[in-house]
Amino acid sequence: MNAIIGTPQPRLDGPAKVTGAARYALDNSRAGMLHAALVLSPVALGRVAAIDDAAVSALPGIRLVMTHRTMPKLEEDKPMQEGGHAHASFRPLESDEIRYHGQPVAVVLADTREQAEYAAGILPVRYEARAGAVAHLPEGAPSEEEVGSLDVGDADAEWEASAVRVTADYEEPAQHHNPIELYGCLAEWDPMGGLTVHVPSQWAGGMRAGIAKSFGLPADKVRVVSPYIGGAFGGKATVLGTTLLACAAAKLAGRPVILQVSRQQGFPTSSFRPAARQHIRLGATAEGKLRAFHYITENQTCRFDNVSFPGGEILARLYDIPGMKIREGLVRTDVNAPGFMRAPAETPAVFAFESAIDEMAVALGMDPVEFRRRNEPAKDPVKGLPWSSRSLLRCYERGAELFGWSQRSHAPRSMTRDGDLIGWGCATAVYPTFISTSSATLRLTSEGRAEVHCSASDIGTGTYTILAQIAADRLGLTPDKVTVRLGDSAFDPANVAGGSTTALASGNAVGKVAEQARAALFQALTEVEEGPFKGMAPASLSLSEGTVRAGNATQSLAEAVSSLPRGKVEATDQWAHPEMPAKQSKMLWRAGSPQGGPDMQSFTALAFGAQFVEVRINPRTRTIRVPRMVGVYAGGKILNPRTAHSQLMGGMVWGLSNALLEASEVDRNHASFVNADMAEYHIAVNADIPALDVEMLEERDDKIGPIGAKGLGEIGITGTAPALANAIFHATGIRVRKLPLRIEDILS
Amino acid sequence: MQPFAYHRASSLEDALRHGAMEGASYLAGGTTLVDLMRIGVMRPDRLIDLRDVAELRGFDTGGETLRFGALASMAEVADDIVLRQDYPALAESLLLAASAQLRNMATVGGNLLQRTRCMYFRDTRYQACNKRSPGSGCAALDGVNRQHAVLGGSERCIATMPSDWAVALTAFDAAVEIAGPQGRRTMPIDSFHISYGEHPEAETALRPGEILTAILVPANRAGRTSCYAKVRDRESFAFAISSAAVALRMEGGRVAEARIALGGLSTTPWRATAAEALLRGRSLDESSMKEAAARAMDGADPRPGNAFKVELGRRTVEDALLRAARRAEEGDAA
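Residues numbered from 1 in each chain as written. Chains lettered and ligands numbered in written order. Predicted model: local features only at pLDDT ≥ 70, side-chain atom pairs only at ≥ 80, totals over all residues.

J.: Explain the overall build of chain A to me, and be specific about the residues and the numbers.
T.: Looking only at helices and strands, one finds 17 helices and 31 strands in chain A. A compact globule built from 748 residues should have a C-alpha radius of gyration of about 27 Å, and chain A, at 27 Å, falls within 12% of that. Projecting the C-alpha coordinates of chain A onto the three principal axes gives extents of approximately 85 × 75 × 50 Å. Going through the 748 residues of chain A one by one, you find that 60% of them count as buried. In chain A, of all internal contacts separated by at least 6 residues, the share reaching a separation of at least 24 is 81%. (Helix = DSSP H or I, 4+ residues; strand = E, 2+ residues; numbered from the N terminus. Rg over C-alpha atoms; globule rule 2.2 N^0.38 Å. Buried ≥ 20, exposed ≤ 12 C-beta atoms within 10 Å, placed from the backbone. Contact = placed C-beta atoms within 7 Å.)

This is the structure in structure tokens:
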């Protein structure tokens, strides 16, 4: 049989998605269901003084107006970073207090969505506003809370001794995920007090725990169902306030409630990538050996939670630098809680650092690829541990070859084509290999099929397909003989689909239970009276092409399973890396999110890549276009080159969008995100995306777990923005240190 | 969305009769109006759907006057071979706008009536918008105003007119044909869009109940060497940060006729007549182009968020002039 793992398999969920058979959360409906619409506060700070619900309650179809006065009381839940499952500890309608612009202050329930939206639009609400709200990262604002600190060697002495020095400040704006599938849910209480929530979810098990906690229910009274997700990117990892509102409204109304949060209303009610600022100092010898790295940051958070994404400890793994000093801090602002967004710590950090590395290469007069080669670390500079595997330089070599980097004329403004300015830039892409744990169940059926159950989510990444491949590989089946069911809290616990952990953790869990099921099958077959394998040694049996064999005896898998007393074989187990402490891995069963890495006990693991880009700039209007991009990555074992390619390509597409287009603009008078729709919050369109070449190098990694696959979900986005900024410098001689990189930054 | 009555008009007379009622609004492609109704910015009591009104359809680019029925779709007009060859600026202004799906739905008449993209206008959570609620103020003046106008604004409003098509039409002295309860009239396009002044809520010269029925463009040989330059962050599906429609007629290496109109920079389509005059009789070189481009932006009144648009506007004019000049050379060579 041909290898299944490592071959380009089409997405098993593809046909259902393109034919519309796949049922997303908001595709569901129930008899007697009510439609919810939100009323959002136009003030950022203050309180709700009065709501005249009588003014709309007589309108056609209106069934209920829920305000802070009528909202059922919720139990507290902590934000995910503090061990809970909430998006934010402060949740709307728990009191009359308003803490950010666009905070929900009322929910209107009606027979139709149009009726609910109309009433929500005219509901008279009187606000008492307080001045002084701030939603942007104020210029020069000092850190209010240190969330990351790392010292390697004597960074100050190394800086003093450096012959060449670069000092630069970088800045990134807030950004919103804007998945195609809007936020929302269908909440349904049953007569026994149980609650089922259909909600797009990266973590069915975590959301179940969070919703149960909030409503004071045992976890088994709540079920979260989310088989398909129309884009998540980190925004659908936690229990949003709006989800709780829909559940609460359904409880109050005694009927199922569906809430679809509009695009505009999704901005203030969901999480977002917080604004960030980095102050960098790099010191090097005249020969291009890095000596010192100082990294001071301020990241935006809200008033009520410490949401932090320190990226410094990842940057510290990129190059061999003897002196490093990293201090990362938070600045509080009057916004809803920020949250995870694809490579949350790494995306801004890598933009800043890889820009600074390019600035240093320029200062040294050195080819930026050669500069990186001279600073390649033999082992983890922070912990001194060996790398589980590391192929950064190979990525650069192959990328340079694919791109034609040797043709680069290194002086800024030295390349043109048809009158346009041409710039070539490169940057490192990196993402830590977080090693999580997962459980799974595998059942062999009397039809000769395998069924895999796991509560992990496929957020469009290909999880359905790779888990089927792994099960098929272990069981000698073709992937179409494997049914994978995911995204339901009733299934076996798994980690959040975050941190690029699912392929490795749930993949190993499925591999483990598949092997156990196979062993159990073999054992049982040797005990079947008058069966063909009766009395044989279980180890002498094999399973391939849907057939059990031993010596001359054969039996189809379907017949073999049918012959067993129970008519099925089932295995359930958890996989955890041997270096994960048992105390940590057990947290999986309490809806925790156990995660090790990048440094484990005996090794440090990260995935690396190299990106090369070309920019083409109109010499007059300074319009920035990107004719081509090359990304070469090494991510351990590539389970499915087809879905992995999409992951990496999608990451680079977003990387371009992140670099050139995306910013949630803050109106300082209202402390609001003002460009709250797809017309004004620009994401890249097809026409922006160039010839995009993605290649994956072979990389063997025996340390991270049996399937040896590093997560690829997030690395693609890192590196694109600095590569583009570096290319723009090369084209124009202008260094832009603030995202997005815009026309006005290079106009003069 | 506010409940509304719907009437599908069978003829222009029928449409005008229903359109005279209180709270009526005409519906053509729906790509602006329906959006704005969904988000509560426009709240008509009744919609008069014009789609079945036959005389508003079709277009003719063959005669001495090009005539575009108001209901002709952006897509069909942009695909017209005569327009593409003889008036590339007009065709490009349509092709560079919106997306293929929207161009199939949107009409060339409705295009001139589309509402501004000002974010404060389009979000009812912001109370201050003189366009949405006259007298309430303007949140954009000291708000986020990167995309706002540096030309033609007032202390009451600096929202840009978003149409690309209107800008190109302005360069060609187009006119619009209007039918109303009092009969029909025709007016030049540069008086159709109104400078905001005290009343930014009034955007066009249309009176209550009137329908824009057609767009007229006098034939012009300079059309062949015209172009529409559109600057935007995104390659497609974005409104202009700045744009310029330019048409040139060259004689003996000198500019015999120049037509320049600006978009994305102004509250109305902005004809740069002083810049046109400056170029007349001169050769097109770096210095004449730069002078003309600077003149085109005379009177600009920027804010901190859009100060770069004064320089960008100049560069856009230069870019458009260069491209039109290149077309003139290619035409001579052919």
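J.: Run through the interface of chain B and chain A, naming residues and quoting values.
T.: At the interface, 30 residues of chain B touch 32 residues of chain A. Take the side of chain B that touches chain A: its biggest share by element is 7 residues, from helix H12 (residues 308-333) of chain B. Of the residues assigned to the side of chain B that touches chain A, the class counts are 13 nonpolar, 6 polar and 11 charged. (Nonpolar A, V, L, I, M, F, W, Y, C, P; charged D, E, K, R; others polar.)

J.: Could you give an account of helix H16 (residues 641-660) of chain A, naming the residues involved and the relevant values?
T.: Think of an α-helix as 3.6 residues a turn; residues three or four steps apart then line up on the same face. Over its 20 residues, H16 of chain A extends 28 Å from the first C-alpha to the last, a length consistent with the 28 Å expected when each residue adds 1.5 Å. Most of H16 of chain A sits out of view: 14 of its 20 residues are buried. (Expected span 1.5 Å × (residues − 1).)

J.: Before we move on, can you summarise the sheet that holds strand E24 (residues 553-556) of chain A with the specific residues and values?
T.: Residues and elements named next belong to chain A. Taken together, the 3 strands give an open sheet; going across it, the order is E22-E23-E24, and neighbouring strands pair in antiparallel fashion. Both outer strands of the open sheet, strand E22 (542-544) and E24, are each paired with one neighbouring strand and no more. Neighbour to neighbour, the strand axes of the sheet diverge by 25° on average, direction disregarded. Pairing analysis gives 3 bridges linking E22 to strand E23 (residues 547-550), with the strands arranged antiparallel. The residue bridging Ser 544 from the neighbouring strand is Thr 547, located in E23. (Pairing = 2+ DSSP bridges. Axes fitted to C-alpha atoms, helices over the stretch in contact; angles between N-to-C directions.)

J.: Go over the domain arrangement of chain A, please, and point to the residues and values.
T.: Residue and element names in this part refer to chain A. Taken domain by domain, chain A holds domain 1 (19-132 + 180-232 + 236-269), domain 2 (145-161 + 273-433 + 600-746) and domain 3 (435-596). Using C-alpha coordinates to define each centre, domain 1 is positioned 36 Å away from domain 2. Opposite the 19 residues of domain 1 that make contact, domain 2 presents 19 residues. Here the side of domain 1 that touches domain 2 is built from residues that sort into 9 nonpolar, 8 polar and 2 charged. (Domains from an automatic or database assignment.)

J.: Quick one: what's the story with the domain arrangement of chain B, residue by residue and with numbers?
T.: Residues and elements named next belong to chain B. Considered domain by domain, chain B is made up of domain 1 (5-49) and domain 2 (58-126 + 145-329). Each of domain 1 and domain 2 was reduced to a C-alpha centroid, and the two centroids are 26 Å apart. On the domain 2 side, the residues contacting the 15 residues of domain 1 number 18 residues. Element by element, the count of residues in the side of domain 1 that touches domain 2 is highest for helix H1 (residues 12-19), at 4 residues. A class-by-class count of the residues in the side of domain 1 that touches domain 2 yields 9 nonpolar, 6 polar and no charged.

J.: I'd like to hear about the environment of Glu 291 of chain B, residue by residue, with values.
T.: Looking at the secondary structure, you find Glu 291 of chain B in helix H11 (residues 286-296). Along the chain, Glu 291 of chain B and Leu 278 of chain B lie 13 residues apart, while their C-alpha atoms are 7.9 Å from each other.

J.: Account for the UniProt feature "domain: Aldehyde oxidase/xanthine dehydrogenase a/b hammerhead" (unreviewed entry) in chain A, naming residues and giving values.
T.: In the numbering adopted here, UniProt assigns the feature "domain: Aldehyde oxidase/xanthine dehydrogenase a/b hammerhead" (unreviewed entry) to residues 19-131 of chain A. Taken as a whole, residues 19-131 of chain A contains 13% helix and 28% strand, while its terminal C-alpha atoms sit 51 Å from one another. (UniProt positions renumbered as here; feature names shortened; annotations may be inferred.)

J.: How would you summarise the packing of H16 of chain A against helix H17 (residues 720-732) of chain A if you had to cite specific residues and measurements?
T.: Helices that pack against each other are described as a pair by the angle of their axes relative to one another and the distance between those axes. Residue and element names in this part refer to chain A. Closest axis-to-axis distance for the H16/H17 pair is 8 Å, and the angle between their directions is 55°. Taken together, H16 and H17 sit at an angle that is classed as oblique. Helix-helix and strand crossings are classified by hand; for H16 and H17 the assignment is right-handed. Along its contact with H16, which presents Met 652, Gly 655, Leu 656, Asn 658, Ala 659 and Leu 660, the element H17 presents Thr 720, Ala 721, Leu 724 and Ala 725. When the residues that make up the contact of H16 with H17 are grouped by side-chain class, the tally is 7 nonpolar, 3 polar and no charged. (Parallel < 35°, antiparallel > 145°, perpendicular 65-115°, else oblique. Left-handed = near helix turned anticlockwise from the far one by under 90°.)

J.: Any chance you could break down the pairing of strand E27 (residues 606-617) of chain A for me, citing the residues and the numbers?
T.: Residue and element names in this part refer to chain A. Most of E27 is tucked away: 12 of the 12 residues are buried. Here E27 shows no split at all, with Leu 606, Phe 608, Ala 610, Phe 612, Glu 614 and Arg 616 on one side and Ala 607, Gly 609, Gln 611, Val 613, Val 615 and Ile 617 on the other all buried. Here strand E17 (residues 420-432) runs beside E27; their pairing, made up of 12 bridges, is antiparallel. Bridge pairing in E27 links Trp 424 to Glu 614.

J.: I'd like a rundown of the environment of Gly 253 of chain B, residues and numbers included.
T.: When you line up the elements, Gly 253 of chain B lands in the loop between strand E10 (242-251) and strand E11 (254-263). For Gly 253 of chain B, a count of 10 C-beta atoms within 10 Å translates into the label exposed.

J.: So what's going on with H11 of chain B? Residues and values would help.
T.: All names here are of chain B. Of all the residues in H11, the buried ones are Met 289, Ala 292, Ala 293, Arg 295 and Ala 296. Angularly, the buried residues of H11 cover 160° about the axis, an arc narrow enough to put them on a single face. Projecting away from the buried face of H11 at angles above 90 degrees are the exposed residues Glu 286 and Ser 287. (Arc of directions from axis to C-beta.)

J.: Pulling in residues and values, what's your account of the pairing of strand E20 (residues 450-453) of chain A?
T.: All names here are of chain A. One ladder, built from 4 bridges, connects strand E19 (residues 438-444) with E20; its direction is antiparallel. The partner of Thr 441 across the bridge, within E20, is His 453. Here E19 folds back onto E20, and the loop between the two strands holds 5 residues, one of which, Gly 448, carries a positive phi near 80°. Both E20 and strand E21 (residues 482-485) contribute to a ladder of 4 bridges, which runs parallel. For Glu 451, the partnering residue across the bridge sits in E21 and is Thr 483. You can see the chain leave E20, run along helix H12 (residues 463-475) and come back into E21, and the turn it takes is right-handed. (Right-handed = clockwise from strand over helix to strand, strands pointing away.)

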